[in-house]
Amino acid sequence: MSLIEVEHLARTFVLRRRARGLARERSEVRAVDDVSFSVEAGEMVGYIGPNGAGKSTTIKVLTGILVPTSGRVEVAGLDPSRRRTELARRIGVVFGQRSTLWWDLPLRDSFELLQKIYRVPPDRYRRNLAEFVDLLELGTLLETPVRQLSLGQRMRGDIAAALLHDPEIVYLDEPTIGLDVVSKGRLREFLRTLNTERGTTLLLTTHDLQDIEALCRRVIVIDHGTKVFDGDLDDLHRQGGSTRTLVVDLVDEAPPIEVPGAVTRRVDGPRQWLSFPADASAAPVVAAVAASYDVADLSVQEPDIEDVIRQLYSR
Ligand SMILES: Nc1ncnc2c1ncn2[C@@H]1O[C@H](COP(=O)(O)OP(=O)(O)OP(=O)(O)O)[C@@H](O)[C@H]1O
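Per an unreviewed UniProt entry, the protein carries the name ATP-binding cassette domain-containing protein and comes from Nocardioides taihuensis.

Written as structure tokens, this is what we have:
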């Protein structure tokens, strides 16, 4: 049996809108429509898709917040909506856009409240707190009220809070949203350590493809409530025909750059945008450009996940 099992999951929302007079119009949104997948213990899976695809709805069903309209869901051997309290001890949830911490309390007090709520034995709590404070660099922040923390600090606090009770599964919904590059890097490093050293199973929802590339070998893509891809990240790129972009700043304006392995998509003064396959190395393209042109600066832009998915569909 897999740690997470989802079979033919559907979740419909019924909307009632006031039409003319007192009559109400009824309409349905099929947020998740016949989705099946399973996740094994120790996996780190990216659950991605465009806005409104049904990601949060799936996560809410997996935590037991929402009841499926149809289908079967089992997490750690439990039916989430029927055994929500029991399941809560075995899962951790992190929402990048919302904090689960108490706004006016120092971080330490929030952690202590969570210890009591989850009945974490004192020695385990102390051990976990010490480890997360160290790995997430929270030492100087423990006495600070949550409302005074920066977004990145608050996020690290939220992640520690979600892990104090040693959950075997953690759902992360946009954990790096709004963070700067350094904070994103630190957080990814921490999640990787959590997965490799503790064997925690992670299901990650994000719009940032770099999160996925740094962390997940496997991705599940949903669009309009339906699963459209489940497999290796490299295969997703190949199927989506996705490209990366080399942005070249030349010393002087020039006609479109011509080098093997890349196509110049745009020219704006001395700046040019070249695209090349996402699964190819940038090195030969960079070398070819540098060998034939006077280059002032270069940078590589990763493909946007929404583009990858759009391209997957436009074929
Ligand atoms: N409580 C609700 N009532 C009515 N419709 C809902 C509700 N929750 C979600 N929906 C609808 O279900 C669909 C899927 O929403 P969901 O939040 O799961 O998408 P998402 O993939 O998480 O999107 P995003 O990336 O924007 O967070 C959307 O059309 C949304 O409007």
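Resuming the write-up.
Visitor: How do you make sense of the overall build of the protein when you look at a structure like this?
Guide: A tally of helices and strands in the protein yields 10 helices and 13 strands. Its C-alpha atoms give the protein principal-axis dimensions of about 65 × 55 × 45 Å. The buried share of the protein, taken over its 315 residues, is 35%. By sequence separation, contacts in the protein at least 24 residues apart represent 68% of the contacts at least 6 residues apart.

Visitor: What is the right way to look at the site of the ligand in this model?
Guide: Close to the ligand lie Phe13, Leu15, Val29, Ala31, Gly49, Asn51, Gly52, Ala53, Gly54, Lys55, Ser56 and Thr57, which account for all nearby residues. Looking at the shell around the ligand, the elements that each hand over two or more residues are β1 (4–18), β2 (24–39) and α1 (55–63). Across the shell around the ligand, the residue classes break down as 5 nonpolar, 6 polar and 1 charged.

Visitor: What is the right way to read the sheet that holds strand β13 (residues 295–301) from this model?
Guide: As summarised here, the arrangement of the 4 strands in space is β11-β12-β10-β13, forming an open sheet in which the pairing is antiparallel. Among the strands making up the open sheet, the edge pair consists of β11 (263–268) and β13. Averaged over all adjacent pairs, the angle separating strand axes in this sheet is 20°, with direction ignored. Of the pairings in the sheet, the one linking strand β10 (residues 243–250) to strand β12 (residues 271–277) comprises 7 bridges and is antiparallel in character. Residue pairing for β12: threonine 243 is matched across the bridge by proline 277.

Visitor: What is the right way to look at the nonpolar core in this model?
Guide: Generally speaking, soluble globular proteins have nonpolar side chains that are buried together. In terms of nonpolar packing, the biggest core is built from 61 residues, with Leu164, Val170 and Val219 touching the most fellow members. Ranked by residue count, the leading element in this core is helix α5 (residues 151–163), at 6 residues. Excluding residues within four positions of it along the chain, valine 170 makes contact with Ile91, Gly92, Val94, Ala162, Leu163, Thr200 and Leu202.

Visitor: What am I meant to see in unusual backbone geometry here?
Guide: A negative phi angle is the norm for most residues apart from glycine, just as the trans form is the norm for most peptide bonds. The backbone phi angle of alanine 76 is positive, close to 50°, even though this residue is not glycine. When you line up the elements, alanine 76 lands in the loop between β4 (70–75) and α2 (84–88).

Visitor: Any chance you could explain the environment of leucine 191 here in plain terms?
Guide: Of note, leucine 191 is situated in helix α6 (residues 181–198). By the C-beta count within 10 Å, which is 24 here, leucine 191 ends up buried. Taking the C-alpha atoms as reference points, leucine 191 and isoleucine 159, separated by 32 residues in sequence, lie 9.5 Å from one another.

Visitor: Sorry if this is basic, but what is going on with the sheet that holds strand β8 (residues 218–223) here?
Guide: Strand pairing in a sheet is mediated by backbone hydrogen bonds. Such pairs are either parallel or antiparallel. The strand order across the open sheet built from 6 strands is β5-β6-β7-β3-β8-β9, with neighbouring strands paired in mixed fashion. Strands at the two margins of the open sheet, each flanked by one partner only, are β5 (91–95) and β9 (226–232). Adjacent strand axes in the sheet meet at a mean angle of 15°, parallel and antiparallel pairs treated alike. Judged from the 4 bridges that link them, strand β3 (residues 44–48) and β8 form a sheet pairing that is parallel. What sits directly across from glycine 46, in β8, is valine 219. Those strands touched by α5 are β5 and β6 (169–173), and its axis lies near 165° from that of β5.

Visitor: Is there a simple way to explain the pairing of β6 in this structure?
Guide: Note on strand geometry: in a regular strand, side chains alternate between the two faces of the sheet. In terms of burial, β6 is largely enclosed, as 5 of its 5 residues are buried. Neither face of β6 is left uncovered, since the one carrying Ile169, Tyr171 and Asp173 and the one carrying Val170 and Leu172 both have all their residues buried. Relative to strand β7 (residues 201–205), β6 runs parallel, the two being bridged by 5 bridges. Residue pairing across strands places valine 170 opposite leucine 202, the latter belonging to β7. Note on the crossover from β6 through α6 to β7: the handedness is right-handed.

Visitor: Just checking my understanding: could you explain the pairing of β1 for this structure?
Guide: Alignment of β1 against β4, held across 5 bridges, turns out to be antiparallel. Its bridge partner lying in β4, glutamate 5 is registered against glutamate 74. Across 13 bridges, the pairing between β1 and β2 is antiparallel. By the bridge assignment for β2, threonine 12 is matched with arginine 30.

Visitor: I tried to follow the packing of helix α3 (residues 107–117) against α5 on my own but got confused; where do I start?
Guide: Between α3 and α5, the shortest axis-to-axis distance is 10 Å and the interhelical angle comes to 20°. Between α3 and α5, the interaxial angle falls into the category roughly parallel. Seen from above, α3 lies across α5 with right-handed handedness. Where α3 approaches α5, its residues Leu107, Ser110, Phe111 and Leu114 are matched on the opposing element by Gly157, Ala160 and Ala161. Classifying every residue of the contact of α3 with α5 by side-chain character gives 5 nonpolar, 2 polar and no charged.

Visitor: Would you explain α1 in this entry?
Guide: Each turn of an α-helix holds 3.6 residues, which means side chains three or four residues apart point in the same direction. The element α1 is extensively covered by neighbouring structure, given that 7 of its 9 residues are classed as buried. All buried positions along α1 are accounted for by Lys55, Ser56, Thr57, Thr58, Lys60, Val61 and Leu62. Glycine 64 occupies a position one or two residues after α1 and carries a positive phi of about 95°.

What counts, and where the lines are drawn
- Along each chain, numbering runs from 1 in the same order as the chain's sequence is written.
- Local features in a predicted model are, by the rule used here, given only for residues with pLDDT of at least 70; side-chain atom pairs are given and counted only at 80 or more, and totals for whole chains, interfaces and linings are based on all residues.
- Numbering of helices and strands starts at the N terminus; helices are DSSP runs of H or I of at least 4 residues and strands are runs of E of at least 2.
- Exposure classification rests on a simple neighbour count of other C-beta atoms within 10 Å of a residue's own: a residue reaching 20 or more is buried, one at 12 or fewer is exposed, and one in between is partly exposed. C-beta atoms are placed from the backbone.
- Once C-beta atoms have been placed from the backbone, residue pairs whose C-beta atoms lie within 7 Å are recorded as contacts.
- Any residue whose backbone-placed C-beta atom lies within 6 Å of a molecule or strand is treated as near that molecule or strand.
- Amino acids are sorted into nonpolar (Ala, Val, Leu, Ile, Met, Phe, Trp, Tyr, Cys and Pro), charged (Asp, Glu, Lys and Arg) and polar (every other residue, Gly among them).
- The criterion for strand pairing is that DSSP finds at least two bridges linking the strands in question.
- Inter-axis angles, ranging from 0 to 180 degrees, are taken between N-to-C directions of lines fitted to C-alpha atoms, where helices are fitted over the stretch in contact.
- Each nonpolar core reported here comprises buried Ala, Val, Leu, Ile, Met, Phe, Trp, Tyr and Cys residues connected via C-beta atoms within 7 Å.
- Every crossover in which the path from the first strand over the helix to the second runs clockwise, viewed with the strands pointing away from the viewer, is termed right-handed.
- For classification purposes, an angle smaller than 35 degrees is called roughly parallel, one larger than 145 roughly antiparallel, one from 65 to 115 roughly perpendicular, and anything else oblique.
- Here a crossing is called left-handed whenever its near helix is offset anticlockwise from the far helix by less than a right angle, and right-handed whenever the offset is clockwise.

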